[in-house]
Amino acid sequence: MKVVRTVADLRALLPREGVGFVPTMGYLHRGHLSLVERARRENPFVVVSIFVNPLQFGPGEDYHRYPRDLERDQALLGEAGVDLLFAPSVEEMYPRGFASRVLVEGPLTTLWEGEVRPGHFQGVATVVARLFLLVRPERAYFGEKDYQQLLVIRKMVRDLGFPLEVVGVPTVREEDGLALSSRNVYLSPETRRKATVLYQALLAMKEAARMGKGVGEALAEGERVLAQVPEFRPDYLAIVHPETLLPLSRWVPGARGIVAGRFPEVRLIDNLEVYP
Ligand code: PAF
């Protein structure tokens, strides 16, 4: 695996075609590696980027303490058969005077995560657009764990006509259901045990749907589960349309349960298809 830190070196080593791309912020876990495996299977040449993107963090968020371990990440990606790792500095990605932003408007970016983290999706869309233009992939891989992010990127790609396919890859979970996330390292052992409550609430909503209950009842089941863990302060729990993310009053195929909120030491997010 070649490791490059500059745009010039990236350009020099990129093939003209056949590139599968996995953008990440590093501190890799099995979820990231499942994206890499999928990219490996579907593309002759795999590029991974590691870049903790300051534009997508709000004031008071964890940009400065976001976990970083490039050496370990590099070893994991080498073993996973990645061809090229692009790990630019902030100055390389956003040279002095960089002033452009990519904005996807509408409910996809104003609801849910967009409401709790204003400007977040503009930061994500800006860095992903810039990375797509630098790496020129045929396919790009994103985890379903950040389901809203996946939809925002799909929308940007469709609207702006980026010539690539966006591939969503299922969430990887710990045995007890906790969705893998680089931020799980912030969890104390006690909170770690309670952190499964997000998945438990999603499962309760799915089970309610399976039993023939309506959307309102299913949501109430999920809320009951969350209320059992008072240390968890939900930002939202909702049952939404899988493409528009608008709240549902009746079941539609693929209806998605979404949940996010805070434990004292970390904010967590999860989602699940709750209605087939
Ligand atoms: O999902 C992430 O890790 C980031 O939001 C992404 C897509 C790499 C953009 O910085």
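Refer to the structure presented above.
Model, not experiment: these values are computed from the prediction.

Some thoughts on empty space enclosed by the protein
Thinking step 1. Evaluation of the coordinates by the stated rule reveals two cavities of 30 Å³ or more.
Thinking step 2. In terms of lining residues, the largest cavity is bounded by Trp112, Glu113, Lys145, Asp146, Tyr147, Gln148, Tyr236, Leu245, Ile258, Ile269, Asp270 and Asn271.
Thinking step 3. Of all the secondary structure elements, the ones that give two or more residues to the lining of the largest cavity are α8 (147-160) and β9 (266-273).
Thinking step 4. Residue contributions to the lining of the largest cavity peak at three residues, all from β9.
Thinking step 5. By residue class, the composition of the lining of the largest cavity is six nonpolar, two polar and four charged.
Thinking step 6. Volume-wise, the second largest cavity comes out at about 60 Å³.
Thinking step 7. Surrounding the second largest cavity, Lys145, Leu178, Ala179, Ser181, Asn184, Ala195, Leu198, Tyr199, Leu268, Ile269 and Asp270 form its lining.
Thinking step 8. Per-element tally for the lining of the second largest cavity: the top contributor is β9, with three residues.
Thinking step 9. Residues belonging to the lining of the second largest cavity are distributed by class as follows: seven nonpolar, two polar and two charged.

Details of the packing of aromatic side chains
Thinking step 1. Inspection of every chain in the model, using the stated rule, returns 10 aromatic pairs.
Thinking step 2. The interplanar angle of 75 degrees and the centroid separation of 6.3 Å between the aromatic rings of Phe132 and Phe142 together place this pair among those described as edge-to-face. Taken together, the positions of Phe132 in helix α7 (residues 120-135) and Phe142 in strand β5 (residues 139-143) put the pair 10 residues apart, joining distant regions of the chain.
Thinking step 3. The buried category is assigned to Phe142, whose relative accessible area is 4%.
Thinking step 4. An aromatic cluster of at least three residues, connected via ring pairs, comprises Phe21, Phe132, Phe142 and Phe162.
Thinking step 5. Here the basic side chain of Arg72 rests over the ring of Tyr27, its NZ or CZ set 5.8 Å away from the ring centre.

So, the sheet that holds strand β2 (residues 19-24)
Thinking step 1. The parallel open sheet is built from six strands, whose spatial order is β1-β4-β3-β2-β5-β6. With partners counted over all chains shown, the strands left at the sheet margins are β1 (2-4) and β6 (165-169), one partner each. Between one strand axis and the next, the sheet turns by 25 degrees as a mean value, whatever way the strands run.
Thinking step 2. Relative to β5, helix α2 (residues 30-42) is tilted by about 155 degrees, and along the sheet it contacts β2, β3 (45-50), β5 and β6.

Each value, and the rule that gives it
Residues numbered from 1 in each chain as written. Predicted model: local features only at pLDDT ≥ 70, side-chain atom pairs only at ≥ 80, totals over all residues. Heavy atoms only, no water. 1 Å grid on protein atoms, 1.4 Å probe; cavity = no way out; pocket = protein on both sides within 12 Å on 5 of 7 lines; lining within 4 Å. Points joined across faces, edges and corners; volume = space filled by probe spheres on them. Helix = DSSP H or I, 4+ residues; strand = E, 2+ residues; numbered from the N terminus. Nonpolar A, V, L, I, M, F, W, Y, C, P; charged D, E, K, R; others polar. Phe/Tyr/Trp six-rings, centres within 6.5 Å; stacked < 30°, edge-to-face > 60°. Buried < 20%, exposed > 50% of the residue type's maximum accessible area, 1.4 Å probe, protein only. Lys NZ or Arg CZ within 6 Å of the ring centre and 35° of its normal. Pairing = 2+ DSSP bridges. Axes fitted to C-alpha atoms, helices over the stretch in contact; angles between N-to-C directions. Contact = heavy atoms within 4.5 Å.

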